[in-house]
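# Observations on the three-dimensional arrangement
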Amino acid sequence: MIVNENVLEINNISVCFDGFYALTEVKTAVKRNTVHFFIGPNGAGKTTLLDIICAKTKPTSGTVIFYPKDKEPVRLTGMKEYKIVTEGIGRKFQVPSVFVNLTVAENMILSLKGHKGIMDSIFRKPSGEDMENIYATLEKVGLRERADVRAGSLAHGEKQWLEIAMQLLQKPEIIMLDEPAAGMGKPETFKTGEILKEIKKDCTIIVIEHDMDFVKQAADIVTVLHEGKMLMEGSITDVLADKTVQAVYLGRGGE
Amino acid sequence: MKLIKKQGDNICFSVIVLILAAMPLMLNAGMLSGSSTVLFLGKCIAFAVVAIGLDLIWGYTGILSLGHGLYFALGGYCMAMYLKLQQTNGQITDFMHIGGIETLPLVWRPFKYLPLTIILIVAVPSLVAFLVGYFMFKKRVKGVYFSIISQALTWAAYSIFIALSPYTNGNVGITEIKTVFGSIKGDANRANMFTLFYVSLAILVLVYALAKFLVSRKFGKLLVAIRDGENRTYFSGYNVSSYKTFIYVLSAAIAGIAGAVFVNFNGSITPSQMTIAYSITMVIWVAIGGRGTIIGAVIGAFLINLCEYNLSSGSMVEIWQYIIGAVFCITILFFKGGIVGIVRDQLPAFIGRLKNKKAVPAKEAAK
Ligand SMILES: Nc1ncnc2c1ncn2[C@@H]1O[C@H](COP(=O)(O)OP(=O)(O)OP(=O)(O)O)[C@@H](O)[C@H]1O
Ligand SMILES: [Mg+2]
């Protein structure tokens, strides 16, 4: 069987907010098992693009097609948000949003794949296998020891990793991360990069980030957005070498 | 010590239940002046039941319903209609006569039968709550907007019940009724009263156990998740609006049961149980007791009603409303966790700080 090497295709997406185009004719594809970065100055439309993919925002025109492994392609535009999650696309928000009043383990339990119905959550306990899976995933992001701590009392970086772990647990084909390293120190950022490189073996990762060291460390492909338009796409070395990119973005204090 | 920390709420609840269970015995032993105390505590049991339901929807799920009086009253009316028909032997009532009705209206007919009545006590509030919840939560009506709409609906229902006075006896409500277990007036009928009291207490225990069970499961964690991050819960793949509808319907059903218990002790039901003020009072019990704890709802319901019972006779009656209002404001501003929060979190923290303070001068003195 031929597996499409693209996992996501974004076809000519435009988004118009009251006459203001946040995105114009964006067209790109994301390859399976890569770390795909979207970078660009503030207001470039990066977050909006993620909103489109997970159907939080409706595009004015264009489509997003998802190619699941071993399954028929799915058109994401027009689907319900929670349906998209069950299709296998997870998202981490810009603001850390773990459930602060639940423990790390409880946060993970809520993220388990399947059994999302009311009756299941009342009568079904997570199986031993599920719990093992939870602890193994926590191990991957270095939170195994913190399983019974209230998530609200975790450090900022730990919260971000917990969120990534929660996403992983749903066994998504795509994980979208909006500025995962924001507010992190150098060592934490580096660790986040290593975590991304580790988990891309199991899934595809779409990341928005400003920290160029972090991009260099983890990126396979970089797409540069500027004022809602695609500026260029390529490997990090190509992007850094590009004159236009340097002019609009890198020149401005980024590096 | 660990056991107390972990099981503190269940221990506290057991103590409350034991004290309540002892009340009829104390009355028999002549330690209580009259049966009015027992009747009053019976009403408190009803209040505690509705408060538990309210805690599930507000304390756990973060949906502030200011209209639970409606569901309480619906359950109450169902019960009262049955009890009234017991009095008239299934014939039409005098207020229907006055209203010009000749035969028993269709809506009253199911209430000739106790099993059907019991079903309707749960089903009527559930159905109304389902319709309200289904559309509101699907449309993602949230926060203050939900609270205001829940108030408006309660007000509308209140007006309808008054307007339909040939069917509901309007302002006066349904009065002159006995209980499910017959008359409880006078010493001769004490056995009836005790049966009623213990059955009600059993209902409280069951509702408490149900609530505790639900919040201990993944379901309960989800309610908290919805309260703390609704969007996040959607993205975790949960159909939040159906969860919200479910818990809203459940808490309405619990309120209906509470209303039915209340009618038995109160001997009447009036539209005033359906007012906004009454609904807000229920919210105040939960807030002061400590929301999101279940036991807090029970404590709040008993404590505030006991205070009101003891204080609002005599000179305090006029300022009681102000006192309770002030206490509510102070709770919301400074003690978000209510009484339970103070005992569980703030007091240990305070003692800890005191100990530290004492330890520091002691060390310095040692130097
Ligand atoms: N719901 C909305 N209504 C109107 N305008 C919006 C809306 N959402 C975003 N915008 C606008 O669209 C533009 C792109 O926003 P977006 O959040 O996608 O930028 P970004 O690239 O994520 O920026 P940042 O780096 O600051 O996160 C901004 O100018 C923003 O003000
Ligand atoms: Mg953004």
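Residues numbered from 1 in each chain as written. Chains lettered and ligands numbered in written order. Predicted model: local features only at pLDDT ≥ 70, side-chain atom pairs only at ≥ 80, totals over all residues. Heavy atoms only, no water.

## Structural notes on the overall build of chain A
- On a plain count of helices and strands, chain A comes out with ten helices and ten strands.
- Considered along the principal axes of its C-alpha atoms, chain A spans approximately 55 × 40 × 40 Å.
- Burial analysis of chain A (255 residues in total) assigns 55% to the buried set.
- Sequence separation of 24 or more characterises 69% of the internal contacts of chain A that already satisfy a separation of 6 or more.
- Counting only carbon and sulfur atoms, one obtains 52% of the accessible surface of chain A, whose full area is about 11200 Å².
- Of the side-chain charges in chain A, 32 are positive and 35 negative, and the distance between the mean point of each set is 2 Å. (Helix = DSSP H or I, 4+ residues; strand = E, 2+ residues; numbered from the N terminus. Buried < 20%, exposed > 50% of the residue type's maximum accessible area, 1.4 Å probe, protein only. Contact = heavy atoms within 4.5 Å. Areas by Shrake-Rupley, 256 points an atom, 1.4 Å probe, with all protein chains shown as cover. Lys, Arg positive; Asp, Glu negative; His and termini not counted. Charge placed at Lys NZ, Arg CZ, Asp CG, Glu CD.)

## Comments concerning the sheet that holds strand β4 (residues 61-66) of chain A
All names here are of chain A.
- As summarised here, the arrangement of the four strands in space is β2-β1-β4-β5, forming an open sheet in which the pairing is antiparallel. Each having just a single partner strand, β2 (20-31) and β5 (74-75) make up the two edges of the open sheet.
- In the sheet, β4 pairs with β5 via two bridges, with the strands oriented antiparallel. Bridging from a neighbouring strand, phenylalanine 66 pairs with valine 74 of β5.
- Lying over the sheet, helix α1 (residues 46-53) contacts β1 (6-17), β2 and β4, oriented at roughly 115° with respect to β1. (Pairing = 2+ DSSP bridges. Axes fitted to C-alpha atoms, helices over the stretch in contact; angles between N-to-C directions.)

## Observations concerning a nonpolar patch on the surface
All names here are of chain B.
- Side chains of Leu127, Phe130, Leu131, Tyr134 and Phe135 sit close together on the surface and give an oily, nonpolar patch of about 500 Å² of accessible area.
- One can find tyrosine 134 in helix α5 (residues 114-138).
- Using a relative accessible area of 34% as the deciding quantity, one classes tyrosine 134 as partly exposed. (Patch = residues over 30% accessible without salt bridge, like charges linked within 9 Å, V, L, I, M, F, W, Y side chains within 5 Å. Salt bridge = Lys/Arg side-chain N within 4 Å of Asp/Glu carboxyl O.)

## Some words on the site of ligand 1
Residue and element names in this part refer to chain A.
- Ligand 1 sits among 13 residues. The nearest are Asn42, Gly43, Lys46, Thr47 and Thr48.
- The contact in question runs from an oxygen atom of ligand 1 to an N or O atom on the backbone of alanine 44, over 3.2 Å.
- Within the side chain of threonine 47, an N or O atom sits 2.5 Å from an oxygen atom of ligand 1.
- Looking at the shell around ligand 1, the elements that each hand over two or more residues are β2 and α1.
- For the shell around ligand 1, the element with the highest residue contribution is α1, accounting for three residues.
- A class-by-class count of the residues in the shell around ligand 1 yields four nonpolar, seven polar and two charged. (Near = heavy atom within 4 Å. Polar contact = N/O pair within 3.5 Å; in protein donor to acceptor, adjacent residues only side chain to side chain. Nonpolar A, V, L, I, M, F, W, Y, C, P; charged D, E, K, R; others polar.)

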